[in-house]
Amino acid sequence: MDTARFPPGPRRLPVVGNAYQYRRDPLGFVRAAHREFGDIATMYVGAWPIVLCFRPEHVRFFLVERAAAFTPVGVAPNLMETLGEGLLTTDGEFHDQQRRLLQPAFHRRRVEHYAATMVARTEEMLDRWRPGDEIDVAQWMSALTLRIVSQALFGVDQEAAGAELNRAFVDLIANSPETIGLIRLPRLNLPHTRYGRYMAARRRLDAYVYDLIDRRRAAGTDGDDVLSWLLTAGADGTGLTDRQVRDQTVTLLAAGHDTTALALTWTLFLLSQHREAREKLLAELRAVLGDRPPTPDDLSRLPYLDWVVTESMRIYPPAWAQGRVALEPFELEGYRFPAGTHVMFSQWVIHHRPDIWGDPDRFRPERWDPAQPPPPHWAYFPFGGGPRACIGMPFAQMEARLLLATILQRFVTRLVPGHPVVPAPRITLRPKYGMRMILNPAPAARAAPPGVHAASDVAPPTPHARRDQDFGNQTGEKSTRRVVELLVARSVPRARAPHRLPPSTQACTGRR
Ligand code: HEM
């Protein structure tokens, strides 16, 4: 490949290129590349160039204008290894036909049917929580969203079955094989190696899904859920093999729980650090819902809830970067690139561009007030866009809001003092050390006087509130470090609270 045509980028080392720097700190690396090289830069994994594209217009170019000229296939070999040929990892006619098959599951009316399941499963989870307990919110959110998506789309409603599935996913995600670009890092399939644990989790997951398929076939496939549609898709002769049904099922279960769980985890973290936003949100929930469970109809009357979730996914986008491979030559920013070029565009970078957001690292839900000027098109794209936009977006949007409202009606979570919060960009953006939080009871529900906008019902600043505001201008890479530094510097004693784990993880670790 003629590298002379590629834009300049961070200085690379012989043989490894930028792989080492990138692997050490992917988030820092891509933001630094943007700062230093502007709108477009090239990084090298070994001798292999990957073009980093940082403008919102680039996102539109790859996802909409020239969508057919780029494929996600081949971008993330580790994802393909886990998901097989599901919706995320295929292209062409097969992808489009599968997308048409699955699309009805995500129509707005149908998604609204799932709302009762979403709220009921959340309330069951909250019934297990006790004020004062210390929990890993990331684990609980993951178990909850997996239970919801498996019930809503696949009719799995027994808790024990859901717990088994969750255990397989937890192990799979924790041990998923690492890659940099196209390069697979060495892997040894032995019982105690990371890759060995990954393979064991994959076998358990496959056994679970194939068993689900067999049982559904035996019980009859005339049901009205995604699994039945996948199993009867072959009635016209095109036929899906069991392997293909497995791949779509695993894709929907994986993509349908991990991202939403992370969105909720990061939102609870941000709310724990920003007292004013938290108080505004609690006041809005009290005013609109009181004690009753939220429904989809309530969401239009909960604007602050909407801004909080939207802003949280700006600061901590669960899908932090996307990649494509060019199927034909293309031109961009005055460069001419050959077919086969790999490109990457990152929510993490574009959602934090200072020239677009002004104070990008600051958690400020009010920036989403419709009275404020909107951001430029494609400066915000947590769900991707164009013909391959996230199919689950309506599901996730509603789920994140309903779950957050339901949780905050009963509990307010506080970060365990000294717990390090470090964003770790794997396939999704996760908290590297989990998210250990202490459960406080939510203030008792009370109705606000009619006509009083909930946002005005804010507690006066307290020393604690001032500390929150201090953190407020720095949320992001630096602020997380700063939060931790300040908390540690104050030597706040570690809370001695009982430590509660989600049911599936309890079984996994033997703890109760
Ligand atoms: C906050 C939650 C979520 C986020 C941030 C998110 C983000 C994304 C993004 C950025 C893409 C585009 C990937 C690409 O073009 O390379 C995507 C695709 C996809 N998502 Fe989501 N997602 C979320 C929730 C869900 C849910 C709940 C489901 C299913 C129940 C789901 C299923 C999928 C599938 C199947 C695709 C592939 C679509 C295609 O290529 O045709 N996602 N998601």
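Quantities reported herein were computed from a predicted structural model and do not represent experimental measurements. (Residues numbered from 1 in each chain as written. Predicted model: local features only at pLDDT ≥ 70, side-chain atom pairs only at ≥ 80, totals over all residues.)

## Description of the overall build of the protein
Part 1 of the argument: The secondary structure content of the protein amounts to 21 helices and 15 strands.
Part 2 of the argument: Put simply, the protein has 512 residues, and 43% of those count as buried. (Helix = DSSP H or I, 4+ residues; strand = E, 2+ residues; numbered from the N terminus. Buried ≥ 20, exposed ≤ 12 C-beta atoms within 10 Å, placed from the backbone.)

## Quick look at the packing of helix α7 (residues 115-128) against helix α8 (residues 137-154)
Part 1 of the argument: The interhelical angle for the contact between α7 and α8, taken along N-to-C directions, is 145°, at an axis separation of 10 Å. For the element pair α7 and α8, the recorded crossing hand is right-handed. Each of T117, M118, R121, T122 and M125 in α7 lies in contact with α8, whose residues at this interface are W140, L144, R147, I148, Q151 and A152.
Part 2 of the argument: Here the residues of the contact of α7 with α8 are counted per class, giving 6 nonpolar, 3 polar and 2 charged. (Axes fitted to C-alpha atoms, helices over the stretch in contact; angles between N-to-C directions. Left-handed = near helix turned anticlockwise from the far one by under 90°. Contact = placed C-beta atoms within 7 Å. Nonpolar A, V, L, I, M, F, W, Y, C, P; charged D, E, K, R; others polar.)

## Overview of helix α3 (residues 56-65)
The α-helix advances 3.6 residues per turn, and as a result positions three or four apart in sequence lie on the same side.
Part 1 of the argument: All of the buried residues in α3 are H58, V59, F61, F62 and L63. Projected down its long axis, α3 carries its buried residues within an arc of 165°, all on one side.
Part 2 of the argument: Looking at the buried residues of α3, the elements they touch are β2 (48-53), β3 (70-71), β7 (322-326), β8 (330-332), β10 (342-345) and α16 (347-350). (Arc of directions from axis to C-beta.)

## Quick notes on the environment of I315
Part 1 of the argument: Relative to the elements of secondary structure, I315 occurs in helix α15 (residues 303-315).
Part 2 of the argument: Along the primary structure I315 and L270 are separated by 45 residues, whereas in three dimensions their C-alpha atoms are 9.4 Å apart.

## Concerning the site of the ligand
Part 1 of the argument: Near the ligand lie 24 residues; those nearest to it are G256, T259, G384, C390 and G392.
Part 2 of the argument: Among the elements of the structure, α12 (242-255), α13 (258-273) and α18 (393-410) are those that each provide at least two residues to the shell around the ligand.
Part 3 of the argument: In terms of residue class, the shell around the ligand is made up of 15 nonpolar, 7 polar and 2 charged. (Near = placed C-beta within 6 Å.)

## Here we look at the packing of α8 against α12
Part 1 of the argument: Interhelical geometry of α8 versus α12 gives an angle of 140° and a closest axis separation of 9 Å. Classified by the interaxial angle, the pair formed by α8 and α12 is oblique. As α8 packs across α12, the resulting crossing turns out to be right-handed. Facing α8, whose interface residues are L146, V149, S150, L153 and F154, α12 presents T249, L252 and L253.
Part 2 of the argument: In terms of residue class, the contact of α8 with α12 is built from 6 nonpolar, 2 polar and no charged. (Parallel < 35°, antiparallel > 145°, perpendicular 65-115°, else oblique.)

## Quick word on the sheet that holds strand β1 (residues 40-45)
Part 1 of the argument: Read across the open sheet, the 5 strands follow the order β1-β2-β10-β7-β3; overall the sheet is mixed. Of all strands in the sheet, those with a lone pairing partner are β1 and β3, marking the two edges.
Part 2 of the argument: Running over the sheet, α3 touches β2, β3, β7 and β10 and is turned about 125° from β10. (Pairing = 2+ DSSP bridges.)

## A closer look at the environment of R367
Part 1 of the argument: Counting through the fold element by element, R367 comes out in the loop between α17 (354-357) and α18.
Part 2 of the argument: Taking the C-alpha atoms as reference points, R367 and W357, separated by 10 residues in sequence, lie 9.1 Å from one another.

## Some words on the pairing of strand β14 (residues 436-441)
Part 1 of the argument: Here 3 bridges tie strand β4 (residues 134-136) to β14, and the two strands are oriented antiparallel to one another. Paired with I135 across the two strands is M437, which belongs to β14.

## A few points about the environment of D25
Part 1 of the argument: Along the polypeptide, D25 turns up in the loop between α1 (19-24) and α2 (26-37).
Part 2 of the argument: Given 13 C-beta atoms within a 10 Å radius, D25 is considered partly exposed.

## Considerations on helix α14 (residues 275-289)
Part 1 of the argument: Its 15 residues place the ends of α14 21 Å apart at the C-alpha level, agreeing with the 21 Å of an ideal helix rising 1.5 Å per residue.
Part 2 of the argument: Within α14, 14 of the 15 residues are buried, which leaves it mostly tucked inside the rest of the structure.
Part 3 of the argument: Two residues or fewer past α14, G290 is found with a positive phi of approximately 60°. (Expected span 1.5 Å × (residues − 1).)

## What to know about the nonpolar core
Part 1 of the argument: Ranked by internal contacts, the top residues of the largest apolar core, which has 123 residues, are L52, L281 and L404.
Part 2 of the argument: Here this core gets 12 residues from one element, more than from any other, and that element is α8.
Part 3 of the argument: Two domains each put at least three residues into this core: domain 1 (1-75 + 320-350) and domain 2 (85-319 + 351-509). (Core = buried A, V, L, I, M, F, W, Y, C linked by C-beta atoms within 7 Å. Domains from an automatic or database assignment.)

## What about the pairing of β2?
One face of the sheet, then the other: side chains in a regular strand alternate in exactly this way.
Part 1 of the argument: Burial within β2 is extensive, with 5 of its 6 residues counted as buried.
Part 2 of the argument: What sits between β1 and β2 in their antiparallel hairpin is a turn of 2 residues, with G46 showing a positive phi close to 65°.
Part 3 of the argument: Across 4 bridges, β2 lies against β10 in parallel orientation. Residue pairing for β10: I50 is matched across the bridge by H342.

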